[in-house]
Amino acid sequence: MIFFDLDDTILDTKNCNKKIYEKIRADLNVDMDADLFRKKLRTSLRPRMIKYFEFQYNETIGIDPLDFLLMETPYEEDHMELFKEAVWNDLKNIFQGVSKDEFYKTVLKRQHDYTDAIPGMIELLTDLSKKHKLGIVTNGLSEIQHKKVDTLGIRHLFKDVFVSGDFGYGKPDPKFYAHVIYKSGCDKENSIMIGDNPQGDVMGAISAGMKAIYFNGREVDYDLNVAHNVDELRAEIERLIG
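Recorded in UniProt under Cofactor (unreviewed entry), the annotation for the chain is "Mg(2+)".

What follows is the structure, encoded as C-alpha cells:
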C-alpha cells in the first residue's frame, strides 16, 4: 500500500494559506502590505493557540492555528471563545470599521479554498490508484483535514484517510502508525509512506517498519529515499515497488 501525507505533499498548503490571508485582507479592505498582514495574523494565532488550547495535544496532532478559525463544528467552545477574543484584541487596530463578528465570518468563508494541489500530483495519484491501494496519513484537526480532501475531490482515489485529529495522536507517534497499519490491513514491509516532513513522515514510517520517501525540495542531513518533484517521485515509487 502507498500512503501519502496531505499538507505540502498532495495539497499545496503553504500556497493555499498565503492566498487565504490575502483574500481576508482584500475582503476587509485592509490597507497593509500582504506579507506584513499575514505575519501579523500568524504572530497572533500561534501564541494564542499555545495559551488557550491544550498544548501537548495540539502539538501532537499537528494543528495549524489558522484551522481553528475555519471550523464550523464546536471545538472546546470555552477555550475557543477565549482564543478568538484574544486574537481579535491583538488585531482589531488593523481594521477600520470592521466588527469582530464580521472579521470571523470573513475568515470562515475561506474554509473551502484548499483547491491547489502540488503540480502533477493528482495525475500521479490517479495513475497509481489504478494499480495500487492508496492511503492518506495526515496530522491536523479532523474537520479541516477531511474538508481539504473533499475540496480537492480526491477521496475516491484512496482506500483509507487517516487523520490524527480522529485519534488523538499523530505522526511520528508509533501508536498512530500502528493504528494505520492495523486498520488498513497493509503489509508494512511492502508499504511506502511519502511526505515532506523528515521526522513525522519519514522517520516515523521507518520506525514502524515501512519504507519511506522524503518528498521535498529541501536537503536534509540524512540518508533517505528522496524525490524533489513529482517526476522523481514517480520513479522512486517504481524503484521501491520493484
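A.B. asks: Go over the overall build of the chain, please, and point to the residues and values.
C.D. replies: In terms of helices and strands, the chain carries 10 helices and 6 strands. Overall, the chain is about 60 × 35 × 30 Å in size when its C-alpha atoms are taken along their principal axes. Here the chain, with 242 residues, has 51% of them falling under the buried criterion. For the chain, restricting intrachain contacts to residue pairs at least 6 apart in sequence, the fraction spanning at least 24 positions comes to 63%. Element-wise, carbon and sulfur atoms account for 48% of the exposed surface of the chain, whose accessible area totals about 11,800 Å². One way to put it: in the chain the 33 positive side-chain charges average out to a point 1 Å from where the 42 negative ones average out.

A.B. asks: Describe in detail the domain arrangement of the chain, supporting the description with residues and values.
C.D. replies: Domain boundaries assigned for the chain yield domain 1 (2-12 + 115-241) and domain 2 (14-109). Each partner contributes to the interface: domain 1 provides 19 residues, whereas domain 2 provides 16 residues. Taken together, the two surfaces of domain 1 and domain 2 that pack against each other cover about 1,400 Å², and 51% of this comes from carbon and sulfur. Contact with domain 2 buries area across many residues of domain 1, yet Asp12, Leu141 and Glu143 alone supply 40% of it, more than any other trio. For the pair domain 1 and domain 2, the interface holds 3 salt bridges.

A.B. asks: Explain the pattern of salt bridges to me, and be specific about the residues and the numbers.
C.D. replies: Going through the model one piece at a time under the given rule, you end up with 19 salt bridges. The shortest N-O distance in the salt bridge between Lys171 and Asp201 comes to 2.6 Å. Of this pair, Lys171 sits in the loop between strand S3 (160-163) and helix H8 (174-184) while Asp201 sits in helix H9 (residues 198-207), and the two are 30 residues apart along the sequence. Exposure remark for Lys171: the relative accessible area of 8% places this residue in the buried category. Judged by its relative accessible area of 1%, Asp201 falls in the buried class. Linked by salt bridges that have partners in common, Lys23, Asp27, Arg110 and Asp113 make up one network.

A.B. asks: Give me the sheet that holds S3: which residues, what numbers.
C.D. replies: Strand order in the open sheet formed by 6 strands is S3-S2-S1-S4-S5-S6, and the pairing between neighbours is parallel. Two strands in the sheet have a free side with no partner beyond their single neighbour: S3 and strand S6 (226-227). By the bridge criterion, 3 bridges tie strand S1 (residues 2-4) to strand S4 (residues 192-195) in an arrangement that is parallel. Residue pairing in the sheet places Phe4 in a bridge with Ile194 of S4. Across the sheet, helix H6 (residues 121-129) lies against S1, strand S2 (134-138) and strand S5 (211-215), angled at about 155° from S1, the strand it touches most. The strands that H8 touches are S1, S2, S3 and S4; relative to S3, the one it contacts most, it runs at about 160°.

A.B. asks: Before we move on, could you go through helix H4 (residues 77-91) and cite the residues and values that matter?
C.D. replies: Here H4 is 15 residues long and its end C-alpha atoms lie 21 Å apart, about the 21 Å a rise of 1.5 Å per residue gives. Among all positions in H4, only Met80, Phe83, Ala86, Val87, Trp88 and Leu91 are buried. In this fold, the buried residues of H4 make contact with helix H2 (34-52) and helix H5 (100-108).

A.B. asks: Now, about the pairing of S3: what can you tell me, with residues and values included?
C.D. replies: Here is the key point about a regular strand: its side chains alternate between the two faces of the sheet. Burial of the side chains of S3 extends over both faces: Asp160 and Phe162 are buried on one face and Val161 and Val163 on the other. Here S2 runs beside S3; their pairing, made up of 4 bridges, is parallel. Across the sheet, Thr138 pairs through a bridge with Val163, a residue of S3. Since S2 and S3 lie parallel, the crossover through helix H7 (residues 142-152) that links them has a hand, and here it is right-handed.

About the criteria used
- Residues numbered from 1 in each chain as written.
- Predicted model: local features only at pLDDT ≥ 70, side-chain atom pairs only at ≥ 80, totals over all residues.
- Heavy atoms only, no water.
- UniProt positions renumbered as here; feature names shortened; annotations may be inferred.
- Helix = DSSP H or I, 4+ residues; strand = E, 2+ residues; numbered from the N terminus.
- Buried < 20%, exposed > 50% of the residue type's maximum accessible area, 1.4 Å probe, protein only.
- Contact = heavy atoms within 4.5 Å.
- Areas by Shrake-Rupley, 256 points an atom, 1.4 Å probe, with all protein chains shown as cover.
- Lys, Arg positive; Asp, Glu negative; His and termini not counted.
- Charge placed at Lys NZ, Arg CZ, Asp CG, Glu CD.
- Domains from an automatic or database assignment.
- Buried area = accessible area lost by both parts, 1.4 Å probe.
- Salt bridge = Lys/Arg side-chain N within 4 Å of Asp/Glu carboxyl O.
- Pairing = 2+ DSSP bridges.
- Axes fitted to C-alpha atoms, helices over the stretch in contact; angles between N-to-C directions.
- Expected span 1.5 Å × (residues − 1).
- Right-handed = clockwise from strand over helix to strand, strands pointing away.

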